Amino acid sequence: MTDDAGVVSLGQDGVISKWTRNNQSHWQWAKLLDAGKEDSICFAYQRDRIAVAFPRVGVKVWIWIKGTWQPQRSILRQNVTSIRFVEDGEALIGGTSDGVLWYCEVPNGTLRAYAFLKSKVLHLDVNSSGTYALVSQSGGRAHLVGIQQMDHKGKIEQVYTANGDTGGENKLGAGAVFAHGCRLVLFGTMDSNMLVWDKAKGEILCGYDHDGEQVQAVASCDKGSNVHIVTGTKSGLLSWWKPLSTE
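Now for a description of the structure that goes with this document. Per chain, residues are indexed from 1 in the order of the written sequence. Confidence filtering applies because this is a predicted model: local features only for residues at pLDDT of at least 70, side-chain atom pairs given and counted only at 80 or more, and all residues used for totals across whole chains, interfaces and linings. Heavy atoms from the whole structure form the basis of all side-chain values; hydrogens and water molecules are not counted.

### As for the sheet that holds strand β15 (residues 156-161)
Logical step 1: Read from one edge of the open sheet, 4 strands run β12-β13-β14-β15, paired in antiparallel fashion. Edge positions in the sheet fall to β12 (121-126) and β15, since each of these pairs with one other strand and no more. Across the sheet, the mean angle from the axis of one strand to that of its neighbour is 20°, orientation sign disregarded. Strands qualify as paired when DSSP identifies two bridges or more between them. Labels follow the DSSP assignment, with helices taken as runs of H or I lasting at least four residues and strands as runs of E lasting at least two, numbered in each case from the N terminus. To get an axis, fit a line to the C-alpha atoms, keeping to the stretch in contact for a helix; angles then go from 0 to 180 degrees between the N-to-C directions.

See the structure below:
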């Protein structure tokens, strides 16, 4: 949520929930909406907009209008595996099981294919300025793809791939994310090390050693001079890391 005010989640029952902290130790739950009983794959949330992807019916969109979540026109693209709001919520980008990266304005835009990447898209991240997407795919690869400037839309600027135990979906965790002012990319593991990449050069700079643990989630938060990287392992270990200096 905006300013880290809480957490929004999608349950297996299709319910979108909001958790907000009312003091240092208590969290309050509230139901935002019921997206439906059909199996959902992923969702995106930004301020007054929610989108949920379903394998057969496409992407359903809701906008908060006059105190209620009102359904909008769906995006009729099947087999969507990851979505993210861009342009301050005015559009969505998405990836599919057959490797298509697409873009569509919300709520009444035209679906446009930006790139054809051949293998299943597992995860999307977008840099703070909204100019690039990190597209994580099956097979242990991530692509840096332009999504804003006309001459860069769909252009692959960099590829991140390494030999090691990055080959399967289970080894990739939550996929590639930007870190440290979008100068670094966190993606993949090698010998239990979470790999840290130079975004521009596509080179591995270092690894965060998890002592045999399997990393399955990673997050980065930049707030001024405070930069935090957090990783989570399959066994439930959370670790905080100081980002590598890029200066």
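Once you've had a look at it, read on.
### Some points on the packing of aromatic side chains
Logical step 1: A pair of aromatic rings is counted whenever rings of Phe, Tyr or Trp (Trp by its six-membered ring) have centres within 6.5 Å, and the orientation is called stacked for planes under 30 degrees apart, edge-to-face for over 60 and tilted otherwise. This structure, assessed with the given rule, holds 4 aromatic pairs.
Logical step 2: Judged by centre distance (5.3 Å) and plane angle (5°), the ring pair of Y103 and Y114 falls under stacked. One end of the pair, Y103, is in strand β10 (residues 100-105); the other, Y114, is in strand β11 (residues 112-116), with 11 residues separating them in the sequence. Like Y103, the residue Y114 is buried in the burial classification.
Logical step 3: Ring centres of Y208 and W241 lie 4.6 Å apart, and the angle between their planes is 10°; this geometry places the pair in the stacked category. Residue Y208 is located in strand β19 (residues 203-209), and its partner W241 is located in strand β22 (residues 238-241); the two are separated by 33 residues in the primary sequence.
Logical step 4: On the accessibility criterion, W241 (21% relative accessible area) is partly exposed.
Logical step 5: As a reminder, the over-ring test applies to NZ of lysine and CZ of arginine, requiring each to be within 6 Å of the ring centre and within 35 degrees of the ring normal. Directly above the aromatic system of F54 lies the positively charged group of K60, at a separation of 4.9 Å from the ring centroid. For every residue, the accessible area (1.4 Å probe, protein chains only) is compared with the maximum for its type, and the residue is labelled buried under 20%, exposed over 50%, or partly exposed between those bounds.

### Some points on the sheet that holds β19
Logical step 1: Taking strand neighbours across the sheet as the criterion, the 4 strands line up as β16-β17-β18-β19 in an open arrangement whose pairing is antiparallel. Each of the sheet's edge strands pairs with one partner strand only, and the pair in question is β16 (177-179) and β19. Averaged over all pairs of adjacent strands, the angle between strand axes in this sheet comes to 40°, irrespective of strand direction.
Logical step 2: Relative to β19, strand β18 (residues 193-198) runs antiparallel, the two sharing 6 bridges. In the strand pairing of β19, W197 is matched with I204.

### A few points about a nonpolar patch on the surface
Logical step 1: Note on patches: the residues involved have over 30% relative accessible area and no salt bridge, like charges join within 9 Å, and the nonpolar side chains Val, Leu, Ile, Met, Phe, Trp and Tyr join within 5 Å. Note on areas: Shrake-Rupley with a 1.4 Å probe; residue coverage comes only from the protein chains shown. Here, a salt bridge means any Lys or Arg side-chain nitrogen found within 4 Å of an Asp or Glu carboxyl oxygen. A surface patch of nonpolar side chains, about 430 Å² in accessible area, is lined by V7, W19, W27 and W29.
Logical step 2: Mapped onto the elements of the fold, W27 is located in strand β3 (residues 27-34).

### Points about the pairing of β18
Logical step 1: The buried count for β18 comes to 6 of 6 residues, which makes it a mostly enclosed element.
Logical step 2: Side chains of β18 alternate between two faces, with N193, L195 and W197 and M194, V196 and D198 buried alike.
Logical step 3: Note that strand β17 (residues 184-190) and β18 share 5 bridges and pair antiparallel. Each residue of the ladder has a partner; that of L186, found in β18, is V196.

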